[in-house]
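Results of the structural survey
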Amino acid sequence: MGKQPEKKAVTTPDKLFVFGLDEEGKPRGARFPEFSEKVASAAAQMKLASVHPASPAVTEIGMKLPAGRLYASGKAFVPPIRRDLLGKLKAALNTAGDESRVHQPAPSPEKAKATDRVVAAGLPRTWDSIAVGQLVLVEDDDPGFGWWPCLVTKRENQVLTLQLRDYPDKGTYVRHIAQVGLVNPGPE
């Protein structure tokens with residue numbers, strides 16, 4: 001009788017990847033089995049980007065990240081990682097096209113004031129793909145004042161809360177996604 005071949009367990013890849021430089025400039029990263037608003041929110045508080053869904057290239061490298069944890073308090077544990085792994089993730093993300101959706105943390109008010117403008121996390125390709133941190137165009141309440149670049153600060157189903165990109169202290173807008181304009185993201 002021959003030896004039976006070992007059966008390898010089929011594992012499904014994790015679905016949420018969190019990585020970036022923390023406030024001290026140290027690379028951190030983790031993977032989580034499912035997308036969770038709590039994890040994405042904790043990542044944003046730590047000034048880390050979260051990626052969901054991820055392209056196959058990002059997923060392949062992202063599976064090398066250590067497993068992260070979300071505590072009952074709402075804080076997340078995202079351990080330190082090697083700088084070269086962070087570089088590989090960023091490179092894969094840049095070549096991923098629009099397959100991966102990156103949720104960037106909003107800059108701190110001090111950083112926004114220091115740079116005098118908030119940097120947009122990206123440009124959505126469709127109205128359904130609009131996410132927090134992305135740049136869209138919004139018509140002013142007075143149509144004579146034109147359209148203004150705004151960052152999405154919150155999304156609840158089809159309703160967006162927006163902040164002027166260049167004048168973050170001027171209040172917020174609340175608009176349905178059909179009332180905002182998309183900035184041309186360039187060739188596909």
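Because the structure is predicted, anything quoted here is derived from the model rather than measured. (Residues numbered from 1 in each chain as written. Predicted model: local features only at pLDDT ≥ 70, side-chain atom pairs only at ≥ 80, totals over all residues. Heavy atoms only, no water.)

1. Let's talk about the confidence of the model for the protein chain
Here the protein chain averages 77 in pLDDT, while 74% of its residues score no lower than 70. Here helix 4 (residues 109-115) is the element of the protein chain with the lowest mean pLDDT, 43, and strand 2 (residues 27-32) is the one with the highest, 91. (pLDDT = per-residue confidence, 0-100. Helix = DSSP H or I, 4+ residues; strand = E, 2+ residues; numbered from the N terminus.)

2. Details of the pairing of strand 10 (residues 172-176)
The alternating pattern of strand 10 places Tyr173 and Arg175 on a buried face and Thr172, Val174 and His176 on a face that is not buried. As judged from the 5 bridges shared by strand 9 (residues 159-164) and strand 10, these two strands associate in the antiparallel manner. For Leu160, the partnering residue across the bridge sits in strand 10 and is Arg175. (Buried < 20%, exposed > 50% of the residue type's maximum accessible area, 1.4 Å probe, protein only. Pairing = 2+ DSSP bridges.)

3. Overview of the pattern of salt bridges
Under the definition given, this model contains 5 salt bridges. Two residues, Asp166 and Arg165, come together in a salt bridge whose shortest N-O distance is 3.0 Å. Look at Arg165 and you get buried, because its relative accessible area is 15%. (Salt bridge = Lys/Arg side-chain N within 4 Å of Asp/Glu carboxyl O.)

4. Some words on helix 1 (residues 37-45)
The set of residues buried in helix 1 consists of Val39, Ala40, Ala42 and Ala43. The buried residues of helix 1 occupy an angular sector of 160° when projected down its axis, which confines them to one face. The exposed residues of helix 1 that point more than 90 degrees off its buried face are Glu37, Lys38 and Gln45. On its buried face, helix 1 sits against strand 1 (16-21), strand 2, strand 3 (49-51), strand 4 (69-70) and strand 5 (76-77). The first or second residue beyond helix 1 is Lys47, which carries a positive phi of 65°. (Arc of directions from axis to C-beta. Contact = heavy atoms within 4.5 Å.)

5. Topic: the pairing of strand 8 (residues 147-156)
The pairing of strand 7 (residues 135-139) with strand 8 spans 5 bridges and is antiparallel. Bridge pairing in strand 8 links Leu137 to Pro149. Relative to strand 9, strand 8 runs antiparallel, the two sharing 6 bridges. Within strand 9, the position partnered with Lys154 by the bridge is Thr161. In this antiparallel pair of consecutive strands, strand 8 and strand 9, the connection spans 2 residues, and Asn157 shows a positive phi of 55°.

6. Description of the side chain of Gln134
The topology assignment puts Gln134 in the loop between helix 4 and strand 7. Only 2.8 Å separates the side chain of Gln134 from the backbone nitrogen of Ala131, close enough to count as a polar contact. (Polar contact = N/O pair within 3.5 Å; in protein donor to acceptor, adjacent residues only side chain to side chain.)

7. Describing unusual backbone geometry
Look at Lys47: it is not a glycine, yet its phi comes out positive at around 65°. Mapped onto the secondary structure, Lys47 falls in the loop between helix 1 and strand 3. A positive phi angle, close to 55°, is found at Asn157, a residue other than glycine. As for its position among the elements, Asn157 is in the loop between strand 8 and strand 9. Taking relative accessible area as the criterion, Asn157 reaches 67% and is therefore assigned exposed.

8. Thoughts on the side chain of Asp22
Take Asp22: it is sitting in the loop between strand 1 and strand 2. Within the local environment of Asp22, its side chain forms a polar contact with the side chain of Arg28, the two groups lying 2.9 Å apart. Every residue in contact with Asp22, bar those within four places of it in the chain, is listed here: Arg28, Met46 and Leu48.

9. Brief notes about the environment of Trp127
With respect to the helices and strands, Trp127 occurs in the loop between helix 4 and strand 7. Between the C-alpha atom of Trp127 and that of Gln179, which follows or precedes it by 52 residues, the distance is 9.9 Å. What Trp127 contacts, discounting residues up to four positions off in sequence, is Arg155, Ile177, Val180 and Leu182. Only 2.9 Å separates the side chain of Trp127 from the backbone oxygen of Val180, close enough to count as a polar contact.

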